[in-house]
Amino acid sequence: MDIFVEESVDLLDHADGLLAQLHETPGERELLIGLQRDLHTLKGGARMAGIMAVGELGHVMESLLEAVVDQRTELGRDSVPLLERGIDRLHAMVTRVGTRRAIALPQQLIAEFDARSRGQAFAPAAHDTGAAAAPAPLPAPKVELKPLSAPIGEPHPDDDVSVRAPQEQVRIRADLLDRLVNYAGEVAIYRARLEQQLGAFRSAMVEMEQTNMRLRDQLRRLDSETEAQIIARYQREHDTADQTFDPLELDRFSTLQQLSRALAESAADLTSLQGSLDDLTRQYETLLLQQSRVSSDLQEGLMRTRMVPFDALVPRLRRVLRQAATDTGKQVQLKLEGAQGELDRNVLERMTAPLEHMLRNAVAHGLEAPDARRKARKPEEGEIRIAVRREGSEVVLEVADDGAGLNRQAIRERALARGLIRGDAVLADSVLDALIFEPGFSTADHVSRLAGRGVGMDVVASEVRQLGGTIDIQTRAGKGTSFLLRLPQTLAVTQAVFVRIGETSFAVPIASVRGVGRIARADLDKPGASYAYGGEDYALHDLGVLLGAGAAKAEGQLQMPLLLIRSGDLRAAVAVDQVLGNREIVVKPVGPQVASIPGIFGATIMGDGNVVVILDVAPLVRRRAAQPRDLAPAPAVEARRVPLVMVVDDSVTMRKVTGRVLERHNFEVGTAKDGIDALERMAEHVPDLMLLDIEMPRMDGYELATAMKADPRLRDVPIIMITSRTGEKHRQRAMEIGVNRYLGKPYQEHELMRNVFELLAQEQTAGATGREPLGHG
């Protein structure tokens, strides 16, 4: 029974599609043969399962098609609607069978098909209620029982022949598939964390290489110094000694020389070990790359299993439309555009009921009766069009009819009666149209099966908002109404661009990003400013303002990065503080409470475990554009800025230990390994305080402090010098350069932090009295 129901649904959906084509090209032989084949298969399955009522109806429908194909009768003008009635009845019967409910033999419908296949006129009797006990005035149709199989080598006359076996399919539970997709996403997150940790390991290897080079250089100098000491001591003690052998050739080494040679061997061992670690790291990188490719293929394959074509919903929508047309006595035809496009299964399932509401609403409220359409010089048969397309990261569903359009006068009167608007209110057409989305709003004069019950468009709007989408109305009197639904393309894995606003990072799906640009900071505040790109103008917006977090204006930046967003007819250039790059992310649901907020596409988990919100910028821009122009944005609460402290030391250990001490006290930490590295980093961001070592390669602490005091941007940065050179001579030179504090290694944590807080407090006071404030740049 279950196998039959499962197969029958697919067969009837396919037959429904063939009927839609037959409606446009009546008499098309291939379509008739295809319908006949579907009904033949359905009939055989029904009889095999013992569901004779379905088998009888399928048999007489097949007989009609067979008579038309053999040209014993013609497919009259009303034969296609009759076939549609038969398909609808079969679908209803199969649905009842699937729910284990009884079905009755549709005798009158069977008799009508039987008469039509014989070329005879049919005189309808009492209305067919489908009751099993109703008397049958007409004789039961003749049923020809055929053997289930034929002798080997002799094909049965009804067997299909030049037909390819369909590809085998497997049905699995939706919840199991969702769990598999989630697991694949978790694998991607762990892979990202491994990549990040491997990158950190590679950075540590670079540091190790530089440390080994420094160690070898120091040992080379130590060797030279010890050899010179041996020769000098020998000459002092043995001026009259035999000059045949020098002291080195006589192996007159002290313990110091022996230790220096042992250190040289240890340094060589470290270099060898470093080479081995480098080789292992390269192998791990190769394995991780291969695993990344396999993981991506796995994710893509699983996501493809979640994508379903919009075509899968079309037979159901056609049945809804036919039922609505029958109930209202109207004629309607469904037109489809882009129905082969695929949607996420979850989106399609959640939009099924809203789409049915919209179709019923279009028939009940939108389309005129046939006589009214004739008077308006329109075809008696109305048209409802559903278009599916993808724009950027959005799926656009357009549901349009060629009816009378929205009755704005009736909407206004009903809104007045319900107290939704004041009598003297002056409303724009778009605002008036949007009133139909109010809960319980209806302009129907009487309650029917289709309209007037106060449900429909409010359900549609609610579901669209919960999906994070938008819905717009376009209507013209006498021409029709179009509803434009924009829904997020909720793929579990996607590419995204990462941007930063202040201290917060966001991800933007790359499908909606046309490009990246830059604009002068002064041009961003000009009213009505735009950015030209690819021959099009992009309206300028500030992502901080769109998010309600204040303007995105990082200190010291003369050029602001722009994300160029394109979605449908929307063009927007959105300013951000910083573009961090793009990468593949796993989209995680954020729950209905957050998902209903416009502009939130989802969230993702980064390799370090941080959660980043994924933005859908288009709804943010549309919401901003819909606000009154004279409405000023709410002032943003300025967040307390965290001071930036830079630690400059060639020792990895010192940088890490000092950085952790500062982070425990809620400071932002930047590091540099020598003076040149520090100057390069300060070209982008000027720290509030610097902790500086003296002895470093390329540029030592004295040279760096001297260069900073000569630079107008850096001269006011307080410097705490931390070094093992604690002599008065070194201290005096540091103070002459302009260093603020001088500490020896190893330092005490409380002493370091006392000096840090004192200097930052002095700097804050200096900024309040007229000096340039902290954090410039």
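Bear in mind the structure is a predicted one, so any value in this text is a computation, not a measurement.

## Here we look at the overall build of the chain
Along the chain, the regular secondary structure elements total 21 helices and 22 strands. Counting only residues that meet the buried cut, the chain has 41% of its 777 residues in that class. Total accessible area computed for the chain in this model is approximately 42600 Å², and 52% of it derives from carbon and sulfur atoms.

## Here we look at helix 2 (residues 29-49)
Residues lying three or four places apart along an α-helix face the same way, a consequence of the helix completing one turn every 3.6 residues. In this model helix 2 runs 30 Å from its N-terminal to its C-terminal C-alpha over 21 residues, within 8% of the 30 Å that 1.5 Å per residue would give. For helix 2, the set of buried residues is Leu-31, Leu-32, Gly-34, Leu-35, Gln-36, Asp-38, Leu-39, Leu-42, Lys-43, Gly-45, Ala-46 and Arg-47. Of the surrounding secondary structure, the elements contacted by the buried residues of helix 2 are helix 1 (2-24), helix 3 (52-69) and helix 4 (79-98). In the stretch just after helix 2, Gly-50 is the one whose phi turns positive, near 80°.

## Notes on unusual backbone geometry
Looking along the chain, the bond that leaves Lys-745 and enters Pro-746 is cis, with omega of -10°. Tracing the backbone through its elements, the reader meets Pro-746 in the loop between strand 22 (741-744) and helix 21 (749-768). Here the phi dihedral of Gln-71 falls at roughly 60°; this positive angle occurs in a residue that is not glycine. Mapped onto the elements of the fold, Gln-71 is located in the loop between helix 3 and helix 4. Positioned with a positive phi, Arg-377 is a non-glycine residue whose angle comes to about 60°. Relative to the helices and strands, Arg-377 resides in the loop between helix 10 (370-375) and strand 4 (381-391). On the accessibility criterion, Arg-377 (80% relative accessible area) is exposed.

## Some words on the sheet that holds strand 22
Read from one edge of the open sheet, five strands run 19-18-20-21-22, paired in parallel fashion. In this open sheet, the two strands that pair with only one neighbour each are strand 19 (668-672) and strand 22. Averaged over neighbouring strand pairs, the angle between their axes works out to 20° when direction is ignored. For strand 18 (residues 644-648) and strand 19, the ladder comprises five bridges, and the chain directions are parallel. Bridge pairing links Val-648 to Ala-672 in strand 19. Packing of helix 17 (residues 652-664) onto the sheet brings it into contact with strand 18, strand 19 and strand 20 (689-692), and relative to strand 19 it is tilted by some 165°.

## Some thoughts on the pairing of strand 21 (residues 719-723)
Burial of strand 21 is extensive: five of the five residues sit out of reach of the surface. As defined by bridge partners, strand 20 adjoins strand 21 across three bridges and the pair is classed as parallel. Opposite Met-690, over in strand 21, you have Ile-719 as the bridge partner. For the crossover from strand 20 across helix 19 (residues 701-709) to strand 21, the handedness is right-handed. For strand 21 and strand 22, the ladder comprises four bridges, and the chain directions are parallel. Paired with Met-721 across the bridge in strand 22 is Tyr-742. Taken together, strand 21, helix 20 (residues 728-737) and strand 22 form a β-α-β motif whose crossover is right-handed.

## Concerning the nonpolar core
Core analysis: the largest hydrophobic core is formed by 44 residues, its most contacted members being Phe-310, Ile-384, Phe-483 and Leu-485. Tallying contributions element by element places helix 9 (residues 345-366) first for this core, with eight residues. Contact partners of Ile-384, with chain neighbours within four places excluded, come to Leu-321, Val-332, Gln-333, Leu-334, Lys-335, Leu-359, Ala-362, Val-363, Leu-367, Ala-400 and Asp-401. Membership of the second largest hydrophobic core comes to 36 residues, among which are Leu-35, Ala-46, Leu-75 and Leu-83.

## Digging into the packing of helix 1 against helix 2
Across the interface, helix 1 lies against helix 2 with an axial gap of 9 Å and an inter-helix angle of 160°. The orientation of helix 1 with respect to helix 2, classified from their angle, is roughly antiparallel. Seen along the crossing, helix 1 lies across helix 2 with a hand that is left-handed. On the side of helix 1, the interface is formed by Phe-4, Glu-7, Ser-8, Leu-11, Leu-12, His-14, Ala-15, Leu-18, Leu-19, Gln-21 and Leu-22, while helix 2 contributes Leu-31, Leu-32, Gly-34, Leu-35, Asp-38, Thr-41, Leu-42, Gly-45, Ala-46 and Ala-49. When its residues are assigned to classes, the contact of helix 1 with helix 2 shows 13 nonpolar, six polar and two charged.

## Description of a nonpolar patch on the surface
Among the surface-exposed residues, Leu-280, Tyr-284 and Leu-287 lie close enough to one another that they form a single nonpolar patch of about 300 Å² accessible area. You can see Leu-280 is positioned in helix 7 (residues 255-306). Among the residues examined, Leu-280 registers a relative accessible area of 37% and is labelled partly exposed.

## Quick notes on the sheet that holds strand 11 (residues 530-533)
Pairing in this open sheet of five strands is mixed, and the strands run 10-13-14-12-11 from one edge to the other. Lying at the two open borders of the sheet, with one neighbouring strand each, are strand 10 (513-520) and strand 11. When the angles between neighbouring strand axes are averaged without regard to direction, this sheet yields 35°.

## What to know about the packing of aromatic side chains
Counted by the stated rule, this structure contains two aromatic pairs. Considering the side-chain rings of Tyr-533 and Tyr-538, the 6.1 Å spacing of their centres and the 75° angle between planes classify their relative orientation as edge-to-face. Taking the centre distance of 5.5 Å and the plane angle of 45° together, the rings of Phe-667 and Phe-757 count as tilted. In this pair, Phe-667 sits in the loop between helix 17 and strand 19 while Phe-757 sits in helix 21, placing the two residues 90 residues apart along the sequence. For Phe-667, a relative accessible area of 8% corresponds to the buried category.

## Some points on the packing of helix 3 against helix 4
For the pair helix 3 and helix 4, interaxial distance at closest approach is 10 Å and the crossing angle is 160°. Between helix 3 and helix 4, the angle is such that the two are roughly antiparallel. When the axes of helix 3 and helix 4 are compared, the crossing they make is left-handed. Of the residues in helix 4, those touching helix 3 at Ala-53, Val-54, Leu-57, Gly-58, Met-61, Leu-64 and Leu-65 are Leu-83, Gly-86, Ile-87, Arg-89, Leu-90 and Met-93. A per-class count over the contact of helix 3 with helix 4 returns 10 nonpolar, two polar and one charged.

## Some thoughts on the pattern of salt bridges
Considering all chains together, one arrives at 43 salt bridges under this definition. Residue Arg-202 is joined to Asp-278 by a salt bridge in which the shortest nitrogen-to-oxygen separation is 3.3 Å. Of this pair, Arg-202 sits in helix 6 (residues 174-237) while Asp-278 sits in helix 7; the two residues are 76 residues apart in sequence, bridging distant segments of the chain. Under the relative-accessibility criterion, Arg-202 is labelled partly exposed at 24%. Ionic contacts of the salt-bridge type, sharing partners, join the residues Asp-16, Asp-88, Arg-318 and Arg-322 into one network.

## Quick word on the confidence of the model for the chain
Chain-level pLDDT for the chain is 79 on average; 82% of the residues reach the 70-or-more range. In the model, residues 629-639 has pLDDT below 50 throughout and makes three contacts with residues more than four positions away in sequence or in other chains. Counted against residues more than four places away or in other chains, residues 769-777, with its pLDDT under 50, gives 20 contacts.

How each quantity is defined
- Residues numbered from 1 in each chain as written.
- Predicted model: local features only at pLDDT ≥ 70, side-chain atom pairs only at ≥ 80, totals over all residues.
- Heavy atoms only, no water.
- Helix = DSSP H or I, 4+ residues; strand = E, 2+ residues; numbered from the N terminus.
- Buried < 20%, exposed > 50% of the residue type's maximum accessible area, 1.4 Å probe, protein only.
- Areas by Shrake-Rupley, 256 points an atom, 1.4 Å probe, with all protein chains shown as cover.
- Expected span 1.5 Å × (residues − 1).
- Contact = heavy atoms within 4.5 Å.
- Pairing = 2+ DSSP bridges.
- Axes fitted to C-alpha atoms, helices over the stretch in contact; angles between N-to-C directions.
- Right-handed = clockwise from strand over helix to strand, strands pointing away.
- Core = buried A, V, L, I, M, F, W, Y, C linked by side-chain atoms within 4.5 Å.
- Parallel < 35°, antiparallel > 145°, perpendicular 65-115°, else oblique.
- Left-handed = near helix turned anticlockwise from the far one by under 90°.
- Nonpolar A, V, L, I, M, F, W, Y, C, P; charged D, E, K, R; others polar.
- Patch = residues over 30% accessible without salt bridge, like charges linked within 9 Å, V, L, I, M, F, W, Y side chains within 5 Å.
- Salt bridge = Lys/Arg side-chain N within 4 Å of Asp/Glu carboxyl O.
- Phe/Tyr/Trp six-rings, centres within 6.5 Å; stacked < 30°, edge-to-face > 60°.
- pLDDT = per-residue confidence, 0-100.

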